[in-house]
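# Structural characterization, general
Here is what each chain is made of, one letter per residue.
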Amino acid sequence: MSLPKAELHLHIEGTLEPELAFTLAARNGVELPYKDTEELRRAYLFQDLQSFLDLYYGLMAVLHTEDDFAELAEAYLARAATQGVRHAEIFFDPQAHTSRGVPIGTVIEGLARALDRSLERHGISTLLIMCFLRDESAESAMETLDAAKPHLHRIAAVGLDSAEAGHPPSKFREVYKAADALGLRKVAHAGEEGPPAYIREALDVLGVERIDHGLRCMEDPELVERLVRERVPLTLCPLSNVRLRAVDTLEEHPLARMMDAGLLCTVNSDDPAYFGGYVGDTFHAVHEALGLGEERLRELARNSFVASFLEGDEERRARLIAEVETYDFP
Ligand SMILES: [Zn+2]
């Protein structure tokens, strides 16, 4: 749990715990279709992707003001600090809020308020990654990028998330080109439910530096070879893969095989309020279920800093990696 680590695949909307959802609902006069936090907590035990997405987007209705977004991010950072997180690159989905009438500036400035004081308060350095919803149109993604322009100093990178099947990376070629021209870095979800070809497209068409998930590369040995050769980081989310049925059980997760193949793997929590654990819990779970020993856990932690966008502070990256190397497991 206390092993220093970076979290590189974390949707801030996926950190909304039932208690905070009820607090924000009461404050904003939003009626939730659940009697209390207990009943909502039970709804978090969804059985399939659709019921997860319904709940996930439904609950966002409680987020309205800058204060709400600041509180959401602050709650995550406080929790992450107890899980050994020292650096976090945080996804947010502006379209999920602007489509409800919340201005993009409210979302970004609210999140940024919590992120700005994170290093001092929690010892966690942070970056923001703005994601486009891939089941929305390419035009909508471009409008989102345009709307974000007054806030670009807050944003380090763009990403691509939500339902993957039928929405190949190439659909977003133009908006990634525009993001690149604005100096933003690029990542994308690919190869979670979509085929290995989507991973190639994300690399070749969008020019991404990291693949989020990328699990299904294992179906394509040539692609694995390339990812190893080019040292492309993968941000894996084992607990999410189990809950969304990408794998049947954690014991069957290919993480150990992927590390054996020489892939630059990291483990992350994705939507921790919904998927049964934060990133420290995830390290613990893969240790238990996959028998990953201390050196493998150390490798995952080291990889998380290697794969991070800490180029602006190489000194911090080197210091955190040194802490991982000398960490004494309890
Ligand atoms: Zn994700």
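The chain has the name Adenine deaminase in an unreviewed UniProt entry, where Streptomyces lunaelactis is given as its organism. We quote the UniProt Function (unreviewed entry) comment for the chain here in full: "Catalyzes the hydrolytic deamination of adenine to hypoxanthine. Plays an important role in the purine salvage pathway and in nitrogen catabolism."

## Section: the overall build of the chain
A tally of regular secondary structure across the chain gives 17 helices and eight strands. Across the 330 residues that make up the chain, the buried fraction comes to 48%. Within the chain, counting contacts between residues at least 6 apart in sequence, those at least 24 apart form 74% of the total.

## Topic: the environment of Ile 124
Topologically, Ile 124 is positioned in the loop between helix H7 (118–122) and strand E3 (125–133). Sequence separation between Ile 124 and Thr 266 is 142 residues; the distance between their C-alpha atoms is 18 Å.

## Points about the packing of helix H4 (residues 66–81) against helix H6 (residues 104–116)
Packing of H4 against H6 brings their axes to within 7 Å, and their N-to-C directions diverge by 40 degrees. Of the possible angle classes, the one that applies to H4 and H6 is oblique. Considering the relative orientation of H4 and H6, their crossing is right-handed. Contact with H4, carried on its side by Glu 66, Asp 67, Asp 68, Phe 69, Ala 70, Ala 73, Glu 74 and Leu 77, involves Thr 106, Val 107, Glu 109, Gly 110, Leu 111, Arg 113, Ala 114 and Leu 115 of H6 and no other residues of that element. Tallied by class, the residues present in the contact of H4 with H6 amount to eight nonpolar, two polar and six charged.

## Focus on the UniProt feature "binding site: substrate" (unreviewed entry) in the chain
Those places that UniProt annotates as "binding site: substrate" (unreviewed entry) correspond, in this numbering, to Asp 271. With respect to the element layout, Asp 271 can be found in the loop between strand E8 (264–267) and helix H14 (272–275). Other than its neighbours up to four places away in sequence, Asp 271 contacts His 11, Gly 14 and Ser 240.

## Observations regarding the nonpolar core
Ranked by internal contacts, the top residues of the largest apolar core, which has 98 residues, are Ile 12, Ala 73, Phe 92, Leu 111, Leu 128, Ile 129 and Ala 202. When residues in this core are grouped by element, the largest group, seven residues, is from E3. If we ignore the near neighbours within four places in the chain, the residues touching Ile 129 are Glu 89, Ile 90, Phe 91, Ala 156, Ala 157, Val 158, Gly 159 and Val 187.

## Here's the deal with the UniProt feature "site: Important for catalytic activity" (unreviewed entry) in the chain
Feature annotation in UniProt assigns "site: Important for catalytic activity" (unreviewed entry) to the following positions: His 213. Here His 213 shows up in strand E6 (residues 210–213). Residue classification places His 213 among the buried positions, given that 27 C-beta atoms sit within 10 Å.

## Notes on the pairing of strand E1 (residues 5–11)
For a regular strand, side-chain orientation follows a simple rule: the groups alternate between the two sheet faces. Judged by how many residues are buried, E1 sits mostly within the fold: seven of seven residues are covered. In this sheet, strand E2 (residues 85–92) lies alongside E1 in parallel orientation, the contact comprising five bridges. The residue of E2 that forms the bridge with His 11 is Phe 91.

## Focus: unusual backbone geometry
Even without being a glycine, His 213 presents a positive backbone phi close to 75 degrees. In the Ramachandran plot, Arg 231 falls in the positive-phi region, its phi being about 55 degrees despite a non-glycine side chain. With respect to the secondary-structure elements, Arg 231 resides in the loop between helix H11 (221–229) and strand E7 (233–236).

## Observations regarding the packing of helix H8 (residues 138–147) against helix H9 (residues 173–181)
Axis separation between H8 and H9 bottoms out at 8 Å; the angle between their running directions is 15 degrees. By the angle between their axes, H8 is roughly parallel relative to H9. Seen along the crossing, H8 lies across H9 with a hand that is right-handed. Within the contact between the two elements, H8 uses Ala 138, Ala 141, Met 142 and Leu 145 and H9 uses Glu 174, Val 175, Ala 178 and Ala 179. Class assignment for the residues of the contact of H8 with H9 results in seven nonpolar, no polar and one charged.

## What about the sheet that holds strand E5 (residues 185–190)?
With parallel pairing, eight strands are arranged side by side in an open sheet as E1-E2-E3-E4-E5-E6-E7-E8. Each end of this open sheet is capped by a strand with a single partner; those strands are E1 and E8. Within this sheet the neighbouring strands show an average axis-to-axis angle of 25 degrees, counted without direction. Sheet topology note: the E3/strand E4 (residues 157–161) ladder contains five bridges and is parallel. In the sheet register, Ile 129 faces E4, and the bridge partner there is Ala 157. Each of E5 and E6 touches helix H10 (residues 196–204); the most contacted strand, E5, lies at about 170 degrees to it.

## Things to note about the environment of Pro 150
Relative to the assigned elements, Pro 150 resides in the loop between H8 and E4. Taking C-alpha positions, Pro 150 is 29 Å from Pro 168, a pair spaced 18 residues apart along the chain.

How each quantity is defined
- Residues numbered from 1 in each chain as written.
- Predicted model: local features only at pLDDT ≥ 70, side-chain atom pairs only at ≥ 80, totals over all residues.
- UniProt positions renumbered as here; feature names shortened; annotations may be inferred.
- Helix = DSSP H or I, 4+ residues; strand = E, 2+ residues; numbered from the N terminus.
- Buried ≥ 20, exposed ≤ 12 C-beta atoms within 10 Å, placed from the backbone.
- Contact = placed C-beta atoms within 7 Å.
- Axes fitted to C-alpha atoms, helices over the stretch in contact; angles between N-to-C directions.
- Parallel < 35°, antiparallel > 145°, perpendicular 65-115°, else oblique.
- Left-handed = near helix turned anticlockwise from the far one by under 90°.
- Nonpolar A, V, L, I, M, F, W, Y, C, P; charged D, E, K, R; others polar.
- Core = buried A, V, L, I, M, F, W, Y, C linked by C-beta atoms within 7 Å.
- Pairing = 2+ DSSP bridges.

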